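A structural walkthrough
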Amino acid sequence: MTDFPLSFQHMSFVDGMRASMMRAPQKLAAKHGDDTRTYAQLLDRIDRVTTAIIADLGLGPGDHGAILSANSIPYLEIIAGASQAGVALATVNPRLAPAEVVAICDNAEAKVLFADARSAEAVKDSQFATVKRIIIVGDELDTWLNEARGSVVFPQVQEWDNFTIPYTSGTTGLPKGVLVPHRSRILTLLGMAQEYGCYSPDDRFLAMAPMCHGAGMLFALAPVFFGGYAEILDKFDPELFLRKLKDERISGYFAVPT
């Protein structure tokens, strides 16, 4: 029996995904509507996010940003790419009012905000204290990534470096940012695989929960981390859900009981 590792030192979340890519680069990793990524495409986009954040935005380890978006494959790419640059993103709920979004971004000292088109429109007139640039997920993001080709040195991410900064709901006061390190995410994923007995390269999962939440993020990331397949849905729809279980040979999903 192998001892459970107590330290990952220089292992980041993206390292696990890269291992899955090297195993089967042309395997379909993720799908959202008509948008799909093979593992090779996914890692290429993640690396370009990292490159653009370093080369164009000048951000690096210890800096923070934010993402305000509905579920999508670019959501995964932005989170992973930023974390590979040492930049932790606050995962802001797109249902919040503009003033609440500003308060969280200011509290996190976010220097860049990635937002889908609807969210960007909602906050376009807002005054942020630290956000210097808003990048819209879609054509603007794609152009930004296509221009971000070049040679940059990726930082060596440490296990205790922050992966993301999810915010609490604020039911007992103001929302509070939770600093989640790479070590926590990797240990959680390994624990999930052990406890649930799944997350092999043969598993196919539905990710339906909002990715701005901790569980929604984890259950979208876990299948890809272990070399499986993740289909991302915008929300829970009973008819679509049942059809996916049948037609897509889905082996697992995460849902919140009523």
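See the structure above.
These remarks concern the structure in this document. Since this is a predicted model, take the numbers as computed values, not measurements.

Rules used throughout
- Residues numbered from 1 in each chain as written.
- Predicted model: local features only at pLDDT ≥ 70, side-chain atom pairs only at ≥ 80, totals over all residues.
- Heavy atoms only, no water.
- Salt bridge = Lys/Arg side-chain N within 4 Å of Asp/Glu carboxyl O.
- Buried < 20%, exposed > 50% of the residue type's maximum accessible area, 1.4 Å probe, protein only.
- Helix = DSSP H or I, 4+ residues; strand = E, 2+ residues; numbered from the N terminus.
- Pairing = 2+ DSSP bridges.
- Contact = heavy atoms within 4.5 Å.
- Axes fitted to C-alpha atoms, helices over the stretch in contact; angles between N-to-C directions.
- Parallel < 35°, antiparallel > 145°, perpendicular 65-115°, else oblique.
- Nonpolar A, V, L, I, M, F, W, Y, C, P; charged D, E, K, R; others polar.
- Right-handed = clockwise from strand over helix to strand, strands pointing away.

1. Description of the pattern of salt bridges
The full count for this structure, using the stated rule, is 14 salt bridges. The shortest N-O distance in the salt bridge between Arg-37 and Asp-35 comes to 2.7 Å. Assessed through its relative accessible area of 8%, Arg-37 is described here as buried. Take Asp-35: its relative accessible area is 28%, and that puts it in the partly exposed class. One salt bridge connects Asp-63 with Lys-111, and the closest N-O pair in it is separated by 2.9 Å. Pair noted here: Asp-63 is in the loop between helix 2 (39-55) and strand 3 (64-68) and Lys-111 is in strand 5 (residues 110-116), with a separation of 48 residues, a long-range link. One continuous salt-bridge network, built from bridges that share partners, spans Lys-31, Arg-204, Glu-231, Lys-244 and Glu-248.

2. Quick look at the sheet that holds strand 10 (residues 229-232)
Pairing within the open sheet is mixed, and its five strands lie in the order 2-1-10-9-11. Looking along the sheet, the strands with just one partner apiece sit at the ends: strand 2 (35-38) and strand 11 (252-253). Judged from the two bridges that link them, strand 9 (residues 204-207) and strand 11 form a sheet pairing that is parallel. Across the sheet, Leu-206 pairs through a bridge with Tyr-253, a residue of strand 11. Contacts between helix 8 (residues 214-225) and the sheet are confined to strand 1 (28-32), strand 9 and strand 10, with strand 10 contributing the most and set at about 150 degrees to the helix. Packing against the sheet, helix 9 (residues 238-247) makes contact with strand 1, strand 9, strand 10 and strand 11, and its axis sits at approximately 170 degrees to strand 9.

3. Considerations on the sheet that holds strand 7 (residues 162-166)
Strand order in the open sheet formed by six strands is 6-5-3-4-7-8, with mixed pairing between adjacent strands. Two strands close off the open sheet at either side, each with one partner strand: strand 6 (133-137) and strand 8 (180-181). The pairing of strand 4 (residues 88-92) with strand 7 spans three bridges and is parallel. Looking across to strand 7, one finds that Thr-91 is bridged to Pro-166.

4. Some remarks on the packing of helix 7 (residues 182-196) against helix 8
Running from N to C, helix 7 and helix 8 cross one another at 75 degrees; their axes reach a closest spacing of 10 Å. Comparing the axis directions of helix 7 and helix 8 gives the class roughly perpendicular. Here Arg-185, Ile-186, Thr-188, Leu-189, Met-192 and Tyr-196 of helix 7 come into contact with helix 8, specifically with Gly-214, Leu-218, Phe-219, Ala-222 and Phe-225. The residue inventory of the contact of helix 7 with helix 8, partitioned by class, reads eight nonpolar, two polar and one charged.

5. Quick notes on the packing of helix 2 against helix 6 (residues 139-147)
Between helix 2 and helix 6, the least distance of the axes is 8 Å, while the angle of their chain directions is 80 degrees. If you check the angle between helix 2 and helix 6, you find them roughly perpendicular. Contacts from Arg-45, Arg-48, Val-49, Ala-52 and Ile-53 of helix 2 reach helix 6 at Leu-141, Asp-142, Trp-144, Leu-145 and Asn-146. Counted by class, the contact of helix 2 with helix 6 contains six nonpolar, one polar and three charged residues.

6. Looking at the pairing of strand 5
The buried fraction of strand 5 amounts to six of the seven residues, a majority that puts the element mostly inside the structure. The pairing of strand 5 with strand 6 spans five bridges and is classified as parallel. By the bridge assignment for strand 6, Leu-113 is matched with Ile-134. Handedness of the crossover joining strand 5 and strand 6 through helix 5 (residues 117-122): right-handed.

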